[in-house]
Amino acid sequence: MTSPPPGPPTDPPRLDALLRPRLPSPLQEVRDEGFARHGVRLFLKRDDLVHPDLPGNKWRKLALNLEAAAGRTVLTFGGAYSNHLRATAAAGRLLGFGTVGVVRGDELAHRPLNPSLARCAADGMRLHFVDRTTYRAKASPEVLEGLLSRFGDVVVIPEGGSNALAAQGCTALGRELAGEVDVAAVACGTGGTLAGLAAGLDPGQRALGVPVVGGGFLAGEVARLQREAFGGPAGDWSLEERFTFGGYARTTPDLDAFADGFEERHGLPVERVYVAKLLYALAALAGEGAFARGSRVAAVITGTPDAPLQEPSVSR
């Protein structure tokens, strides 16, 4: 008996089939007096519930990039507390591909790893520490050539995962909110989520980005990402840059008090690097009359506070 001829090759399973993200993420209205007194309805887009290891915009920004990498080792960049590094390392563990994390700050190389980097290492990521001058030049041909020479055949994903594929992946976030709200707001680090969010919304809706770091560079980055992803400007978006609270991962007693109060009122743990600044900004804007009475405003909840590692003393 002869065997039947082999059938046509099948496509590899998509990441969503392998990792089963919760999509669309829930949209929950919360009644908060700080908004209600100004006639604003606040909704929380619970992207923190998309996947336990790749929450929120991390899933949306990485999915198309990882499909394009097709199992090759991924090299990417981040600081000592980078959620992007952690999500990339987790994806490598779950899907069985190698990961390399280029970490800002060569002084960290000889110290015990903090919980965030320890999580990366526990998930199999090779950590490569570079000085801050080299890190600032990470996109230069010289630095990239050096990394490729050191680590071989790798796929390079930029800091924060923000590139054209990431922006395209984040359009799904806008589509999930199409027709549901008037304003969709997200905290911004590198601009990829905002670029895609705005592109996915319906005409008449607008996207608002709240940078968590100063410097005034994000408007140019969002415009660049939209050119690369969509060929030009896409959607109605703007930035509100007054709420960095001194810089990335920095806080103030005022911000902490606001986040503590929001947690107590709504039972939602508030992540402090991104989400607290976003919610504070929206409350302040509502108080300033920036939203018309009756406006429906959605805050994209991109993450939750860090949970402690089981073995926080892991070292390199």
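Whatever comes next refers back to the structure up there.
About the criteria used
- Residues numbered from 1 in each chain as written.
- Predicted model: local features only at pLDDT ≥ 70, side-chain atom pairs only at ≥ 80, totals over all residues.
- Heavy atoms only, no water.
- Helix = DSSP H or I, 4+ residues; strand = E, 2+ residues; numbered from the N terminus.
- Rg over C-alpha atoms; globule rule 2.2 N^0.38 Å.
- Buried < 20%, exposed > 50% of the residue type's maximum accessible area, 1.4 Å probe, protein only.
- Contact = heavy atoms within 4.5 Å.
- Areas by Shrake-Rupley, 256 points an atom, 1.4 Å probe, with all protein chains shown as cover.
- Lys, Arg positive; Asp, Glu negative; His and termini not counted.
- Charge placed at Lys NZ, Arg CZ, Asp CG, Glu CD.
- Polar contact = N/O pair within 3.5 Å; in protein donor to acceptor, adjacent residues only side chain to side chain.
- Pairing = 2+ DSSP bridges.
- Axes fitted to C-alpha atoms, helices over the stretch in contact; angles between N-to-C directions.
- Parallel < 35°, antiparallel > 145°, perpendicular 65-115°, else oblique.
- Nonpolar A, V, L, I, M, F, W, Y, C, P; charged D, E, K, R; others polar.
- Phe/Tyr/Trp six-rings, centres within 6.5 Å; stacked < 30°, edge-to-face > 60°.
- Expected span 1.5 Å × (residues − 1).
- Arc of directions from axis to C-beta.

Overview of the overall build of the chain
So, step 1. Helix and strand counts for the chain come out as 12 helices and 10 strands.
So, step 2. At 20 Å, the chain has a C-alpha radius of gyration in line with the 20 Å of a compact globule built from 316 residues.
So, step 3. Here the C-alpha coordinates of the chain stretch approximately 70 × 60 × 40 Å along the principal axes.
So, step 4. Buried positions account for 51% of the 316 residues belonging to the chain.
So, step 5. Taking contacts inside the chain between residues at least 6 apart in sequence as the whole, the part at least 24 apart equals 74%.
So, step 6. Carbon and sulfur atoms provide 51% of the accessible area of the chain, an area that totals close to 14,800 Å².
So, step 7. Positive and negative charge centroids in the chain, built from 34 and 35 side chains respectively, lie 1 Å apart.

Remarks on the environment of Asp47
So, step 1. With respect to the helices and strands, Asp47 occurs in the loop between strand E2 (41–45) and helix H3 (57–69).
So, step 2. We classify Asp47 as buried; its relative accessible area is 0%.
So, step 3. Separated by 189 residues in the primary sequence, Asp47 and Asp236 have C-alpha atoms spaced 21 Å apart.
So, step 4. Aside from chain neighbours lying at most four places away, what touches Asp47 is Ser25, Pro55, Gly56, Asn57, Arg60, Leu173, Val300 and Ile301.
So, step 5. Polar contacts involving the side chain of Asp47 include one to the side chain of Arg60, which spans 2.6 Å.

Some points on the pairing of strand E10 (residues 296–300)
So, step 1. A large share of E10 lies buried, amounting to 4 of its 5 residues.
So, step 2. With 5 bridges connecting them, E2 and E10 associate as parallel partners. In the sheet register, Leu42 faces E10, and the bridge partner there is Val297.
So, step 3. Sheet topology places strand E7 (residues 183–188) next to E10; 3 bridges connect them, and they run parallel. Considered in E10, the bridge of Ala184 is made with Ala298.

Focus on the packing of helix H11 (residues 253–266) against helix H12 (residues 275–287)
How two helices sit against one another is set out by the angle between their axes and by the gap between those axes.
So, step 1. Orientation of H11 relative to H12, taken along the N-to-C sense of each, is 90°, at an axis distance of 10 Å. If you check the angle between H11 and H12, you find them roughly perpendicular. Each of Asp254, Leu255, Phe258, Ala259 and Phe262 in H11 lies in contact with H12, whose residues at this interface are Ala276, Lys277, Leu279, Tyr280 and Ala283.
So, step 2. When the residues that make up the contact of H11 with H12 are grouped by side-chain class, the tally is 8 nonpolar, no polar and 2 charged.

Thoughts on the packing of aromatic side chains
So, step 1. Taken as a whole, this structure holds 6 aromatic pairs when the rule is applied.
So, step 2. Both rings, one in Phe77 and one in Tyr135, keep their centres 6.4 Å apart while their planes meet at 75°; by these two values the pair is edge-to-face. Of this pair, Phe77 sits in strand E3 (residues 73–78) while Tyr135 sits in helix H6 (residues 132–136), and the two are 58 residues apart along the sequence. Comparing Phe77 with Tyr135, the two get one shared label, buried.
So, step 3. Connected via pairs of aromatic rings, a cluster forms that spans Phe243, Phe245, Phe258, Phe262 and Tyr280.

Notes on the side chain of Ser140
So, step 1. Note that Ser140 resides in the loop between H6 and helix H7 (141–151).
So, step 2. A distance of 2.7 Å separates the side chain of Ser140 from the backbone oxygen of Ala137, its partner in a polar contact.

What to know about helix H4 (residues 83–95)
So, step 1. Taking 1.5 Å of rise per residue, the 13 residues of H4 would be expected to cover 18 Å, and the 18 Å separating its terminal C-alpha atoms lies within 8% of that figure.
So, step 2. Residues of H4 that are buried: His84, Leu85, Ala87, Thr88, Ala89, Ala90, Ala91 and Gly92.
So, step 3. As for H4, its buried residues are in contact with H3, E3, strand E4 (99–104) and helix H5 (115–122).
So, step 4. Capping the start of H4, Ser82 holds a side-chain oxygen 3.2 Å from the backbone nitrogen of His84, two or three residues further along.
So, step 5. After H4 finishes, the residue Gly96 shows a positive phi value of roughly 85°.

Re H11
So, step 1. The terminal C-alpha atoms of H11, which comprises 14 residues, lie 20 Å apart, in line with the 20 Å expected from a rise of 1.5 Å per residue.
So, step 2. Residues of H11 that are buried: Leu255, Phe258, Ala259, Gly261 and Phe262. Down the axis of H11, the buried side of the element spans an arc of 160°, and every buried residue falls inside it. Projecting away from the buried face of H11 at angles above 90 degrees are the exposed residues Pro253 and Glu264.
So, step 3. Directly beyond the C-terminal end of H11, a positive phi value near 65° is found at Gly267.

What about the environment of Asp32?
So, step 1. Relative to the elements of secondary structure, Asp32 occurs in the loop between strand E1 (27–30) and helix H2 (33–36).
So, step 2. Taking the C-alpha atoms as reference points, Asp32 and Gly294, separated by 262 residues in sequence, lie 14 Å from one another.
So, step 3. The contact partners of Asp32, leaving out residues within four places of it in the chain, are Phe262, Arg265 and His266.

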